[in-house]
Amino acid sequence: MSWKSRALSPRSILPALAVLLVLVAGAAAHANKPVPFGDRVAAKGTAEASADPTASLAAADLDLRVGPGLEAYHRATGEHAWSYQREGATALHLSMAGENAVVVWDDGLVTSVRPGDHQVRWHRAVPGLADWLRGAGEPGADKRTEEQRKQLATERAAASLHTVRESAPWVAVVTPELTMGFRDADGDLRYNSKPAGNCVYDPERTVSTDFAVLVPRSCTNSTGQQVSGGISGYRMDSSGWQLNAGPGVEMKALDERRVLISDGPIVAPKVFDTWAAAPEAACGSPAEPFAAVRPGAGCAADGAQEARGQ
C-alpha cells in the first residue's frame, strides 16, 4: 500500500473553515441565548436566583410590590429579598392566587411567581391585552401625557386580572374582546370566550368572589345604540352561566360568595350566590320558601339598601 501526500488547496480549505465558523457561531449564540421571556430573577447579593432549595419563605413573610418588576421585601426587617424583572417590560399589577403571585405586564404577558423561592412558574400571553392597556387607537389617545398613559395602563391591569380560590386557585384575565381562564397550578388554559355579536366585555365592571368571576357585557344594535347586554359567569369546577341584564348594570361583591346586582331604577337589586349559582331570595318574598338560596344573614334587601347608601 502506498501513501501519497497532497497539499490542500485554498478551495479545499474553505468548506472545513466554513463548518468551523458555523460551529463557533453556534456555540457563541448558545452561550448568549436569551432567558425565556426576558426573565431576570435575582436574590439579594446575587446576580441570579439562588439555587438553594432550602432558602424558601412563606408568602406571608414577604411584602410584594410592583414596579418596574416584582420586588419582595422581608416583612420582619424591611430588607430587600429578591427581584423579578423582564427585559423591555414593566409590571403593572399583582394579585395573589393562593400562595402564588400573579403579575400583569405592560406587554400583555401574565406570569405566576412562587414568592417563597422566587421561581417563575408559568407565562401566558393574552391576545389584545397590551393594546387595551395602552389604549391604542382610542379617541384622544395621542393627546395623553406619558403619566396619563402609565396611570391608564395600571388601572386597566388591575381591572383585567382576577384570582379565584374555589377548590383550587385559578386566574381570569378580562379584556373587551376576550376573557381567558388559567389554572394556577400549571398555567393551563381552561377556557377562552369572545363576546357574541356587537358586544364587548367590560373589565372595569367585572367582579370576582372566591368561587367565580362575573363579567358584564355591553351591546349595541345595527345603528350603534346601546341595547340590553348581560352577565357571563365563569367557574373552574363547573359550567358557567349567563344572566340577563341591562346596559348599565352594576355589581358589587358583598362577601366571599355573594354579589349584589343593581340593574337600573326599575328592576329591584338582587343578590346572586356564586357558590350555588342561583339568586338569593329576598326577605319576606313569596318565593322564599321555595328558593334555591334562602336569605342570608342581613338579608338581600338590607344589603341593597346599604349599598345604595354608600
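First, a word on what this report is: a plain description of the structure on this page.

Analysis parameters
- Every chain's residues receive numbers from 1 upward, in the order its sequence appears when written.
- Residues qualify for local features only when their pLDDT is at least 70, as the model is predicted, and side-chain atom pairs are given and counted only at 80 or more; totals for whole chains, interfaces and linings, by contrast, use all residues.
- As a convention, hydrogens and water are excluded, and side-chain values are obtained from all of the structure's heavy atoms.
- Buried, partly exposed and exposed residues are distinguished by accessible area as a fraction of the type maximum, computed with a 1.4 Å probe on protein chains only: under 20%, between the cut-offs, and over 50%, respectively.
- Runs of H or I in DSSP of at least four residues are treated as helices and runs of E of at least two as strands, each being numbered from the N terminus.
- A pair of strands counts as paired when DSSP detects no fewer than two bridges linking them.
- To count as a disulfide, a pair of cysteine sulfur atoms needs to be within 2.5 Å.
- What makes two residues a contact is simply this: any of their non-hydrogen atoms within 4.5 Å.
- Note on geometry: axes are lines fitted to C-alpha atoms, helical ones only across the stretch in contact, with angles between N-to-C directions running from 0 to 180 degrees.
- We count a salt bridge whenever a side-chain nitrogen from Lys or Arg sits within 4 Å of a carboxyl oxygen from Asp or Glu.
- Any two of the Phe, Tyr and Trp rings considered here, Trp counted by its six-membered ring, make a pair once their centres fall within 6.5 Å; the pair's planes then place it as stacked at under 30 degrees, edge-to-face at over 60, or tilted in between.
- Criterion for a charge above a ring: Lys NZ or Arg CZ within 6 Å of the ring centre, and within 35 degrees of the ring normal.
- Whenever two N or O atoms come within 3.5 Å, that pair is a polar contact, provided that in protein one can donate a hydrogen and the other can accept it, and provided that, for residues adjacent in sequence, both atoms are side-chain atoms.

1. Quick word on the pairing of strand 15 (residues 213-220)
Stage number 1. Most of strand 15 is tucked away, with 7 of its 8 residues classed as buried.
Stage number 2. Bridge analysis of strand 13 (residues 199-201) against strand 15 gives 3 bridges, and the strand direction is antiparallel. The partner of V200 across the bridge, within strand 15, is S218.
Stage number 3. Between strand 14 (residues 207-208) and strand 15, which pair antiparallel one after the other, the connecting turn spans 4 residues.
Stage number 4. Note: strand 15 against strand 16 (residues 226-234), 7 bridges, orientation antiparallel. If you follow L214 over to strand 16, its bridge partner there is G233.
Stage number 5. The antiparallel pairing of strand 15 with strand 16 creates a hairpin that spans 5 residues between the two strands, and G224 there sits at a positive phi of about 90°.

2. Re the state of the cysteines
Stage number 1. Taken as a whole and assessed by the stated rule, the structure comprises 1 disulfide.
Stage number 2. Residue pairing for C199: its cysteine sulfur links by disulfide to C219, the two sulfurs lying 2.0 Å apart. Across the S-S bond linking C199 and C219, the dihedral sits near 105°, which makes this disulfide right-handed. On the criterion of sequence distance, the pair formed by C199 in strand 13 and C219 in strand 15 is long-range, its members being 20 residues apart.
Stage number 3. By relative accessible area, C199 is classed as buried at 15%.

3. Comments concerning the environment of A89
Stage number 1. Note on placement: A89 falls in the loop between strand 4 (80-86) and strand 5 (91-97).
Stage number 2. Of the residues examined, A89 reaches a relative accessible area of 9% and is grouped as buried.
Stage number 3. Sequence separation between A89 and G69 is 20 residues, and the spatial gap between their C-alpha atoms is 8.1 Å.
Stage number 4. Among residues more than four places away in sequence, those in contact with A89 are P68, W105, D106 and D107.

4. A word on the sheet that holds strand 10 (residues 170-175)
Strand pairs in the sheet, formed through backbone hydrogen bonds, run parallel or antiparallel to each other.
Stage number 1. Read across the open sheet, the 4 strands follow the order 9-10-11-12; overall the sheet is antiparallel. Single-partner strands in this sheet number two, and they are strand 9 (161-164) and strand 12 (189-193). Put simply, the sheet's adjacent strands are angled 15° from each other on average, direction ignored.
Stage number 2. For strand 10 and strand 11 (residues 178-183), the ladder comprises 6 bridges, and the chain directions are antiparallel. Bridge pairing links V173 to M180 in strand 11.
Stage number 3. Against the sheet, helix 3 (residues 146-160) engages strand 9 and strand 10, with an angle of about 30° to strand 9.

5. Overview of the pattern of salt bridges
Stage number 1. Counted under the stated rule, the structure contains 20 salt bridges.
Stage number 2. Here R86 makes a salt bridge to D39, at a shortest N to O gap of 3.9 Å. In this pair, R86 sits in strand 4 while D39 sits in strand 1 (residues 39-43), placing the two residues 47 residues apart along the sequence. When sorted by exposure, R86 lands in the same class as D39, which is buried.
Stage number 3. Ionic pairing is found between R121 and D184, a salt bridge with its closest N-O pair at 3.2 Å. Taken together, the residues span a long stretch of sequence, with R121 in strand 8 (residues 119-125) and D184 in the loop between strand 11 and strand 12 at a distance of 63 residues.
Stage number 4. The class of D184 is buried, set by a relative accessible area of 3%.

6. Structural notes on the sheet that holds strand 8
Stage number 1. Read from one edge of the open sheet, 4 strands run 5-6-7-8, paired in antiparallel fashion. A single partner strand is all that each edge strand has here, and the edge strands are strand 5 and strand 8. Shown here is a sheet whose adjacent strand axes are inclined to one another by a mean of 20°, direction ignored.
Stage number 2. Bridge analysis of strand 6 (residues 100-105) against strand 7 (residues 109-114) gives 4 bridges, and the strand direction is antiparallel.

7. Comments concerning the packing of aromatic side chains
Stage number 1. Evaluation of the coordinates by the stated rule reveals 5 aromatic pairs.
Stage number 2. A ring pair is formed by Y84 and W105, whose centres lie 5.3 Å apart and whose planes are at 75°; its orientation type is edge-to-face. Of this pair, Y84 sits in strand 4 while W105 sits in strand 6; the two residues are 21 residues apart in sequence, bridging distant segments of the chain.
Stage number 3. On the basis of relative accessibility, which here comes to 0%, the residue W105 falls in the buried class.
Stage number 4. Through pairs of rings, three or more aromatic residues link up here, namely W170, Y191 and Y234.
Stage number 5. Sitting over the face of the ring of Y73, R65 holds its NZ or CZ atom 4.1 Å from the ring centroid.
Stage number 6. One cation-aromatic arrangement involves R86 over W105; the distance from NZ or CZ to the ring centre is 5.1 Å.

8. Looking at the side chain of S95
Stage number 1. Summarising the element assignment, S95 is placed in strand 5.
Stage number 2. For S95, the side chain forms a polar contact with the side chain of T163, separated by 2.7 Å.
Stage number 3. Excluding residues within four positions of it along the chain, S95 makes contact with N100, A101, V102, L161 and T163.

Geometric values such as these leave the question of function open.
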